[in-house]
Structure formats: structure tokens, C-alpha cells
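Breakdown of the fold
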2 protein chains.
Amino acid sequence: MTPAEDRTGAEDRVARVALTWLAEPGNRTVWTMVQSAGAVATLRQLSAGDFPESSLRAAVISRCADHDPRREAERALARAERVGARLVTPADAEWPAGVDVLATLELDSRRQIDRNTRPPLCLWVRGDPPVDHLLHRSVAIVGARAATGYGIHVTTDLSYGLAERDWTVVSGGAFGIDSAAHRGALAAGRPTVAVLACGVDRPYPAGNTSLFERVLDDGLLISEWPPGAEPLRHRFLIRNRVIAAATRGTIVVEAAARSGATQTMGRVTALNRIAMVVPGPVTSAMSVGCHQLLRESPQTRLITGLPEALDEIGRIGDHLAPRPRGPEHRRDLLDEDSAVLLEAIPARGAAGPEELAASAGMSLRTVLRRLSLLEAAGLVERRDGRFSLARPGRTAPGADR
Amino acid sequence: MTPAEDRTGAEDRVARVALTWLAEPGNRTVWTMVQSAGAVATLRQLSAGDFPESSLRAAVISRCADHDPRREAERALARAERVGARLVTPADAEWPAGVDVLATLELDSRRQIDRNTRPPLCLWVRGDPPVDHLLHRSVAIVGARAATGYGIHVTTDLSYGLAERDWTVVSGGAFGIDSAAHRGALAAGRPTVAVLACGVDRPYPAGNTSLFERVLDDGLLISEWPPGAEPLRHRFLIRNRVIAAATRGTIVVEAAARSGATQTMGRVTALNRIAMVVPGPVTSAMSVGCHQLLRESPQTRLITGLPEALDEIGRIGDHLAPRPRGPEHRRDLLDEDSAVLLEAIPARGAAGPEELAASAGMSLRTVLRRLSLLEAAGLVERRDGRFSLARPGRTAPGADR
């Protein structure tokens, strides 16, 4: 067959599944080989016992011991058909372009966990919409499983608001923040995407089965691991890179100290995606990880709600978060002299123009002109020649502290 | 008299009080004149109607209309003696050197409020300790008057801890965060300093009278305004610069949007003092100003408690805040292979060495060697040839999220 067929045909699909089974998804060596020689040739080379890297040799040998990778792949594809899942590869129109940015991720390749950071060779998908349609305008919301009521509340608000504005919410399938992220968007009647670290036919945890079914109504379950795959702990770390890469930005709402959310954010910033963190009470263990990220990673942005989230992920000038306004905002309209004069007016009682001129350090003429303007603006009240703050604007001394 | 006497004698003291009465404390023009010609000569020049700046002319004329500045000053000194307050000038040994850094503050001098940012000409003080003794190692804690239970709790903790470590806590005299700052330090049996925007003989607010008395037991009340002075609103903004300058750093615990705490922090960072902000629930109006500072001012540091506060204000390497540790910290001691292997062990049930070699992508030999080490470390348990996570380390899949 010609190389062209080789990279798009059935053989290529089988080879990609087999290679993902031979080494963990994202394996740097395997991905590099596939990029240059294609999946079929790479599988042929590895099956022939030709290994460019020793750690890969160990993995492949141990897995090939009593299994034929090609047969494993065909078994996986058959099972996928039975459970209504499909395989998506870069050759498919719906392949999410975002994940290919992982090719640029430069990490400490001596750390085994960082050797599995290359783009997926293929994705297993359940759900009707084309993957790229849902992910091309998406935001990830992730965080602690042991979330607090505060975290659930903030997550649901953010997720609902983002979904309402046609952002696809992406998360894992865990209890806590992940679940709240899906529920918020679903409540807005918008689809979500759950990226799993196990087979899409048996999403983990089983306690979220009904939630996964609601996700499947209009959304997607995605995984790099074939149907039937177990949710092994290290797979969550490998999975996290896909969530980081497939979305415009990632929001961490609650995270314990040194949790996986911290690791995810490392990927997010390394990929130049937008890393957003919601602060919380310093008395809450579930916000320790968030505050740690804000203290230690200069790229992470503190967000307090939807407007700021939209501000961060929207195109420049697209969404502008309204600056929070204090009780003083009516004063912003005043020129500097009027503002200072207004502040010279005693909080309790009233003062005459001469006293005000003295305490504000202005000429009597200026004071009298300003006072009539302030009176017209309804900020001060005149009572027999003396002036006091108008009721709405009234604040006691020290209000400015 | 000789210039030397001129700058230290009784005449100089009277002149400084008179000048502070003629223009608001911190007035740039007056301070500059005093620096070059001395206070006595400056007062003589202004009284003679010789004004280098028009806005100053207006102030002085309006105030001199029916008062003699020198007599006002003598009256203030007499009243101070009656109420047990003393005047402190740069000529006194106890003058707090920190405030002189205000000479370097460069702000928008077209804004009237920024014209009053120069060092004080003199300070009115009540309380026994020398001012410099208490302020040379001090931290300011300020924030909202309408503080929440959360803010009061965090403030009291911080203040108590800082006081215990011999840091003098400095604040204003307002309700809410200011009061909690004083109470926390007093509870630790340490003195505090209240910097007021009114006369030290009639501290505002009256509702804090008993607190001010406790402050006076071992600490100080300080003000730039003479005994009897009213707490006019704009004076709090002028006062804030002294709190910022006199301390090593300032902590804002709770602040409403665009509150005076924000303005104070502008001064703190402009003076290269340490600006620290405590985050809070994004659902709390009293944390909006804090989050605003953290979002908009890159110099402000997020702190979550005493260790981080000490870390920021302490000399480098003096206090090192312990990095928050997650449940994974025992794993930190492991080499990369062992860590990955540990993560390959299923959360529920057990697995044999071959399976682990396959899922972790390692040779069987490596796996067997690591497993015995992990077992010895008490991280995994062996039961008839299969391995499971040891109880203490046990966490369900996704725990790393």
C-alpha cells in the first residue's frame, strides 16, 4: 500500500490502537517514530524487537510476553463497536486540533511521568457530536473530589455561566468539582465533555453513572484508553495533559495541597493555555492548593467569577470584566478639588464654607463654586449656610479605610 | 540664634506645629521649604505672605484669616501637656526613621490628595514607649470596618502570631479589622500602635475608647493632627501613608471594592514596603477589594497565614514558610520508577508483578526490585504474590485530581 493509505487506512487505525496499548499514551519515543515513519511502520519495527530506547524496550517486551498487540487492538475495536464507541485519529475530520500542541510540551524527560506527554495517537469517543465541534470553544473546570459547599457553589455558577455563553465545559468524571462542572453546564442545557482515564464503556466512578448518562445525551465521553481499561492512578496524570491541551483554559476551583490540579496547571501554563484559579477562605484545606498555585506560579490568574473568567479566555477586548465598584463611585465623576472638598465635609453635623476652605486647603472662592456644584449633584445638602453630606453619600470618618 | 539651634530648639517645634496647622500634613511645598530653610524660616516666609505655590497661598490665607498660626501652635502644645501627649520631631531620638522614606514617594502631584504625601513635620504621641522602639520592627494590619467573622478570625490569628514573634502590630483605630489587629496582639501581651486621623486625646471612634485605653497600657496612640483635631474623611487618606511608611509591610485582610485599603496598598508598594493580601471567599463582598489588589497589582503578595507573612517580612532565609504538604508527600522520597510503579497499583484489589510491569511500562526485574523496597517502606502490602496499596497510603483513583 502507499504511505498515503498507510496513514489513513484501517491498518493505520489498528496500528495506533496497538501502539497505545504497547506503551502508555503520550509516550515520546513512540509518538516521534509515528510522526516520521507512520503508525504501521512503527508497530512493525517495535514488534520486530527494534527499540530506539531502553525503557520502551522493557515496556514492550513485558506487554508482548503473552499478547499480540495487533490482536489486542482488533479486540478493542470490536468491543468499541459493541458498546457504541468510535475511534478517532488525526486522519478524521473531527480530530481535536488542540491536543496536537502537546507536541511542543517541553518537560523534564528524565521523569517517567513526563515521558508520556506527547499528543494522543488516537481517542476513544462515546456520544454523537463531532469532537472538534465541542472542543473548539471549550474551558476546563477541575478540582478536588472532596469539594466543599463553597467549591460546589462557585463551580456550578461558573459552569452554568460559561455554558450559557456557548463555552463547552470540559472536566474529568470525578466526584466534587468535576461533577459540579458537568451539572452546572447541563443545567444550562449545554453539552459537556468528560475526559476519562479508563474505558468510555465503563466510566469511573460508578457512583456517577447517571451523570455520565446525562453527559451522553448531548455531550461526549473521551478516553485514550480502550473500552474496558481500568482507571489506574498514574493514568489520571497522563489524562490531565489532554484536558489542558484540548481547552482554551483551565479553571481550578478547589484543590488540596500538591494535588493533581497543581500538576494539571503546570501543563496548562507550559502549553500557554490560560490558567485560572479561584481563591477561597485561607481556613479551608480545599483552597490550599489554589493559594499555592497563585503564590508560586506567576502565570496563573486569580478569578472571582464569570466576568473575569470570560475576560481571561475571551479574545482581547471581547469580554471586559466590569471593575468592582465601591460606594465611592459617584465621586469618580468629580474633579480633584470637588472630591477633596467633599471629603473635608464632616461626617456628622455640618460646616460653613470658611471652615471647609481651611480644612480642605482651598480658597473660599473655589470652595463656594464647588459647593454649589456638589449640591446640584445631590452630594451635599445646604442648611442655613452650612453644608453636610447628602444622606445617600453619607459615610462615617474612616469609611475610606 | 544659630541655624543649629533653629532646627532643634523650642522655636523649631512651635514652627513645625504651626506649619502642620497652616497646610495639611505631608504638604509637598511646605516640606520642601522646611528641608532647605528650616521650619522657623519657612513659617516666617509664609506668614509674610510669600507663597511659592498658589494652592498653598489659598490654604494659608483662608486659615490665617482670623487665627495666628504661632498662637494656634502654642495652644496645641499646652493642650497636649494637659492631656499627657508629647510632640515628637525629627530632632528627637525617638523619631521613627521609617516615615522619612515618604520623601521618595513619587505620585501624581496634580491630584490634590497626592500633594500631601511628604514625611510628617512632627507627630503627636500618647503612651510611654519611645516611638522608634515600637516601630523599628513593625507590621501593619488594616482592612474593612464592616469585617466578617472570617476576617476577624484571620486578623486575630495573624496579629497574635506576629506579636508573639516580637513584631509590633500597627493599625488605625476603626472597628472591624483594625480593632481585631490590636486585640490579637494585646492578647499575646504585646504592645500595639494606633495611628489616628484625629487628636490623640479624643481617639475616634468613641466606641473603641476601652480598646484605646488598653493600647495605651504598653503601646502608643500617634497622630499628625494636634490634640482636639476632628477625624475629617480626607485625613484618613493622608494618615494611611504614615502607616505604610512606618512599618516593614502592610497586610490587608478584608477590604471592600475600591476602599481605602486599596489606596493604602498603592502607597505601600510605591514605598517598596511589603504589600500582603489575604484572599477570601469570592462570594464575600468584604474580599472583593483583596482579590482586586491581587489581580491588579503584581507587587502584592497573597498570604494565607502567619508562616507566609513571616516569610515575606522576615529577612531572606530568616523565616521560611513550610510548603503545604499533600497526602502524597511520602512518595516524594521515592525515585521516579518507584513512584510510577506505586501509581500503577490499582486502588482497589491487588495486582501481580507481571500486570504491574505491563501497566507501569517497566521490566519485570525493575518491578520486582522496586516492589520489595516499597513493601519495606510500608507503602505496599503483599498478599500471596499480589500487591496492593498499604492502608495509610490508600487513595482511590483520581485522588491526584
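Everything that follows concerns the structure shown earlier in this document.
Residues numbered from 1 in each chain as written. Chains lettered and ligands numbered in written order. Predicted model: local features only at pLDDT ≥ 70, side-chain atom pairs only at ≥ 80, totals over all residues. Heavy atoms only, no water.

1. A closer look at the overall build of chain A
Keep this limit in mind: Under the scheme used here, helices are H or I runs from DSSP no shorter than 4 residues and strands are E runs no shorter than 2 residues, and both carry numbers assigned from the N terminus. Relative accessibility decides the category of a residue: with a 1.4 Å probe and only protein chains considered, values under 20% of the type maximum give buried, values over 50% give exposed, and everything between is partly exposed. It only takes one pair of heavy atoms within 4.5 Å for two residues to be counted as in contact. Areas reported here follow the Shrake-Rupley algorithm with a probe of radius 1.4 Å; residue values treat only the protein chains shown as occluding.
What chain A contains, in helices and strands, is 17 helices and eleven strands. Expressed as a percentage of its 401 residues, the buried residues of chain A come to 60%. Taking all contacts inside chain A whose residues are at least 6 apart in sequence as the whole, residues at least 24 apart take part in 73%. Surface summary for chain A: the accessible area is close to 15500 Å², and the carbon and sulfur share equals 52%.

2. A few points about the packing of helix α2 (residues 10-22) of chain A against helix α6 (residues 69-83) of chain A
Residues and elements named next belong to chain A. This is how the line gets drawn: Throughout, an axis means a line fitted to C-alpha atoms (over the contacting stretch in the case of helices), and angles, computed between N-to-C directions, take values from 0 to 180 degrees. Convention used here: angles under 35 degrees read as roughly parallel, angles over 145 as roughly antiparallel, angles from 65 to 115 as roughly perpendicular, and any remaining angle as oblique. For this scheme, ten residues count as nonpolar: Ala, Val, Leu, Ile, Met, Phe, Trp, Tyr, Cys and Pro. Four count as charged, namely Asp, Glu, Lys and Arg, and the remainder, Gly too, count as polar.
For the pair α2 and α6, interaxial distance at closest approach is 8 Å and the crossing angle is 105 degrees. What the angle tells us is that α2 and α6 run roughly perpendicular. Along its contact with α2, which presents Glu11, Val14, Val17, Ala18, Trp21 and Leu22, the element α6 presents Pro69, Arg70, Glu72, Ala73, Glu74, Ala76 and Leu77. For the contact of α2 with α6, the class distribution of residues is nine nonpolar, no polar and four charged.

3. Focus on the nonpolar core
Threshold: The term nonpolar core refers to a set of buried residues drawn from Ala, Val, Leu, Ile, Met, Phe, Trp, Tyr and Cys, joined through side-chain atoms within 4.5 Å.
In terms of nonpolar packing, the biggest core is built from 68 residues, with Val193 and Ile222 of chain A together with Val193 and Ile222 of chain B touching the most fellow members. Excluding residues within four positions of it along the chain, isoleucine 222 of chain A makes contact with Leu123, Trp124, Val125, Val131, Leu135, Val193, Ala194, Val195, Leu196 and Val200 of chain A.

4. Re the sheet that holds strand β5 (residues 192-196) of chain A
All names here are of chain A. Here is the rule: The pairing criterion for strands is at least two bridges between them, as found by DSSP.
Spatially, β1-β2-β6-β5-β4-β3-β7-β8-β9 is the arrangement adopted by the nine strands of the open sheet, whose pairing is mixed. The sheet terminates laterally at β1 (86-88) and β9 (301-302), the two strands that pair on one side only. Taken strand by strand, helix α11 (residues 233-246) contacts β3 (138-142), β4 (168-171), β5 and β7 (249-252), and its axis lies near 150 degrees from that of β5. Against the sheet, helix α13 (residues 288-296) makes contact with β7, β8 (274-277) and β9, and its axis sits at roughly 130 degrees relative to β8, the strand it touches most.

5. Brief notes about the sheet that holds strand β1 (residues 86-88) of chain B
The strands that make up a sheet pair up through hydrogen bonds in the backbone, lying either parallel or antiparallel. All names here are of chain B. Taken in spatial order, the nine strands line up as β1-β2-β6-β5-β4-β3-β7-β8-β9 in an open sheet, and their pairing is mixed. The open sheet has two free edges, formed respectively by β1 and β9 (301-302), since each of these has just one partner strand. Where strand β3 (residues 138-142) and strand β4 (residues 168-171) come together, three bridges link them in parallel fashion. Its bridge partner being in β4, serine 138 is matched across the sheet by threonine 168.

6. With respect to the pairing of strand β8 (residues 274-277) of chain B
Residue and element names in this part refer to chain B. For the record, the criterion: Handedness of a crossover: with both strands directed away from the viewer, a clockwise path from the first strand across the helix to the second marks it as right-handed.
The side-chain alternation of β8 yields two buried faces, one formed by Ile274 and Met276 and the other by Ala275 and Val277. Where strand β7 (residues 249-252) meets β8, four bridges bridge the pair, whose relative direction is parallel. Bridge pairing in β8 places isoleucine 251 opposite methionine 276. Regarding the hand of the β-α-β motif, the stretch spanning β7, helix α12 (residues 260-270) and β8 is right-handed.

7. Description of a negative patch on the surface
All names here are of chain A. Applied cut-off: Exposure above 30% relative accessible area and the lack of any salt bridge qualify a residue for a patch; like charges then connect within 9 Å, and the nonpolar side chains Val, Leu, Ile, Met, Phe, Trp and Tyr within 5 Å. A side-chain nitrogen of Lys or Arg and a carboxyl oxygen of Asp or Glu constitute a salt bridge if their distance falls within 4 Å. Only four residue types enter the tally: Lys and Arg on the positive side, Asp and Glu on the negative side; His and the chain ends are excluded. Lysine's charge is taken at NZ, arginine's at CZ, aspartate's at CG and glutamate's at CD.
Together, Asp128, Glu213, Asp217 and Asp218 make up a region of like negative charge exposed at the surface. Assignment of secondary structure puts glutamate 213 in helix α10 (residues 209-218). According to the relative accessible area criterion, glutamate 213 is partly exposed, its value standing at 47%.

8. A few points about helix α4 (residues 39-47) of chain A
Residues and elements named next belong to chain A. Selection criterion: The directions considered for the arc are those from the helix axis to the C-beta atoms.
All of the buried residues along α4 are Ala39, Val40, Thr42, Leu43 and Leu46. What you see down the axis of α4 is that its buried residues fit within an arc of 165 degrees, all on one side. Downstream of α4 by one or two residues, glycine 49 has phi in the positive range, about 80 degrees.

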